[in-house]
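The lines below spell out each chain.
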Amino acid sequence: MQSSVALAVVPATGVVSVHGMPLTERAVRSLRQAGCVRHVFICTPINLEFTLPGCTVVVGDLHTALNTAIEMFPDIRFGLIHDIERAETPPEVIESVVDELERGAQAVIPVLPLTDTVKEVDPDGRILGTRDRSELRVMQSPLGAPIEVLRQAEDPRCPGVPLSTVPGHPHGLRIRTAIDVASVTP
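Residues numbered from 1 in each chain as written. Predicted model: local features only at pLDDT ≥ 70, side-chain atom pairs only at ≥ 80, totals over all residues. Heavy atoms only, no water.

In the nomenclature of an unreviewed UniProt entry, the protein chain corresponds to 2-C-methyl-D-erythritol 4-phosphate cytidylyltransferase from the organism Kibdelosporangium aridum.

So, in structure tokens, the structure goes:
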């Protein structure tokens, strides 16, 4: 069931393509492959030459893109805010975000357990101790919420309601560096 609209945020800097495919295209394909995304709106501060079926480029901020989405699809129930640098997020993760919204969550974000050791330090840089990471998580995207919650939020990336979590995926990493690019399958 295609009940959601996904919004992808296009960053002005960073890696723009991986193995010859633009991150924007990778993200749109992943969102559309999830099967629960009716349309993708890419919001950008500048006009972007980009054409893919089921995708609209909106010049403006997230609110402009949300308003455009609601105008085009007034029956939409959920919105997804997706970080374009997480273009390799598997469709299954996107589906699980929408499934959790369908079950009544106010907002949902995929997460992974933190595996690195985290140290607390004082202002002089001396280690004070090791944080217990058993309750710490690394956030991924997309962030999902009812469309009106996103629309009414001052910043749709921080909707101001309790966030539920679903399991993320290692492929949902941010693609920003040469090491990140090397980890992506062509």
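Caption draft 1: How the structure looks around the overall build of the protein chain. The helix and strand inventory of the protein chain stands at five helices and twelve strands. In terms of overall dimensions, the protein chain is globule-like: its C-alpha atoms have a radius of gyration of 17 Å, near the 16 Å expected for 186 residues. In the protein chain, buried positions account for 43% of the 186 residues. Look at the contacts in the protein chain between residues 6 or more apart in sequence, and 71% of them connect residues 24 or more apart. In the protein chain, 16 positive and 23 negative side-chain charges are present, and the distance between their average locations comes to 3 Å. (Helix = DSSP H or I, 4+ residues; strand = E, 2+ residues; numbered from the N terminus. Rg over C-alpha atoms; globule rule 2.2 N^0.38 Å. Buried < 20%, exposed > 50% of the residue type's maximum accessible area, 1.4 Å probe, protein only. Contact = heavy atoms within 4.5 Å. Lys, Arg positive; Asp, Glu negative; His and termini not counted. Charge placed at Lys NZ, Arg CZ, Asp CG, Glu CD.)

Caption draft 2: Structural context of the environment of glycine 60. Summarising the element assignment, glycine 60 is placed in the loop between strand 5 (55–59) and helix 2 (62–72). Classification of glycine 60 by relative accessible area gives partly exposed; the value is 24%. Taking C-alpha positions, glycine 60 is 5.7 Å from threonine 44, a pair spaced 16 residues apart along the chain.

Caption draft 3: Highlighting helix 3 (residues 91–102). With twelve residues, helix 3 should cover 16 Å at 1.5 Å per step; its first-to-last C-alpha distance of 16 Å lies within 8% of that length. Among the residues of helix 3, Pro91, Val93, Ile94, Ser96, Val97, Val98 and Leu101 are the ones counted as buried. Positive backbone phi, approximately 110°, marks glycine 104, located one or two places after helix 3. (Expected span 1.5 Å × (residues − 1).)

Caption draft 4: Broad picture of the pattern of salt bridges. The full count for this structure, using the stated rule, is eleven salt bridges. Here arginine 29 and glutamate 25 are joined by a salt bridge, their closest N and O atoms 2.4 Å apart. With arginine 29 and glutamate 25 both in helix 1 (residues 23–33) and four residues apart, the pair spans about one turn of that helix. Exposure remark for arginine 29: the relative accessible area of 39% places this residue in the partly exposed category. The salt bridge partner of glutamate 85 is arginine 174, with a shortest N-O separation of 3.5 Å. In this pair, glutamate 85 is assigned in the loop between strand 6 (78–83) and helix 3 and arginine 174 in the loop between strand 12 (164–167) and helix 5 (178–182), connecting sequence segments 89 residues apart. Take arginine 174: its relative accessible area is 31%, and that puts it in the partly exposed class. Linked through salt bridges whose partners overlap, the residues forming this network are Asp83, Glu85 and Arg174. (Salt bridge = Lys/Arg side-chain N within 4 Å of Asp/Glu carboxyl O.)

Caption draft 5: Representation of the environment of leucine 136 in the model. Within the element layout of this structure, leucine 136 appears in the loop between strand 9 (127–130) and strand 10 (137–139). Considered as a pair, leucine 136 and isoleucine 46 are 90 residues apart in the sequence and their alpha carbons are 37 Å apart. In contact with leucine 136, other than residues within four places in its own chain, are Pro113, Leu114 and Arg131.

Caption draft 6: Highlighting the side chain of histidine 39. For histidine 39, the position within the fold is in strand 4 (residues 37–44). With relative accessibility at 10%, the residue histidine 39 sits in the buried group. Reaching out from histidine 39, the side chain makes a polar contact with the side chain of threonine 56 at a distance of 2.6 Å. (Polar contact = N/O pair within 3.5 Å; in protein donor to acceptor, adjacent residues only side chain to side chain.)

Caption draft 7: Broad picture of the packing of aromatic side chains. Applying the stated criterion to the full structure yields one aromatic pair. Residues phenylalanine 41 and phenylalanine 73 carry aromatic rings whose centres are separated by 6.3 Å and whose planes lie at 80° to one another, so their mutual orientation is edge-to-face. On the criterion of sequence distance, the pair formed by phenylalanine 41 in strand 4 and phenylalanine 73 in the loop between helix 2 and strand 6 is long-range, its members being 32 residues apart. The buried category is assigned to phenylalanine 41, whose relative accessible area is 0%. Taking relative accessible area as the criterion, phenylalanine 73 reaches 15% and is therefore assigned buried. (Phe/Tyr/Trp six-rings, centres within 6.5 Å; stacked < 30°, edge-to-face > 60°.)

Caption draft 8: A look at the nonpolar core. Among the nonpolar cores identified, the biggest contains 19 residues, and Val28, Val40, Cys55, Leu80 and Ile94 are the most heavily contacted of them. Looking at this core, the elements that each hand over two or more residues are helix 1, strand 4, strand 6 and helix 3. Top element by residues in this core is helix 3. It accounts for four residues. Counting residues in hydrophobic clusters, the runner-up holds 18 residues, among them Phe73, Ile76, Val111 and Leu143. (Core = buried A, V, L, I, M, F, W, Y, C linked by side-chain atoms within 4.5 Å.)

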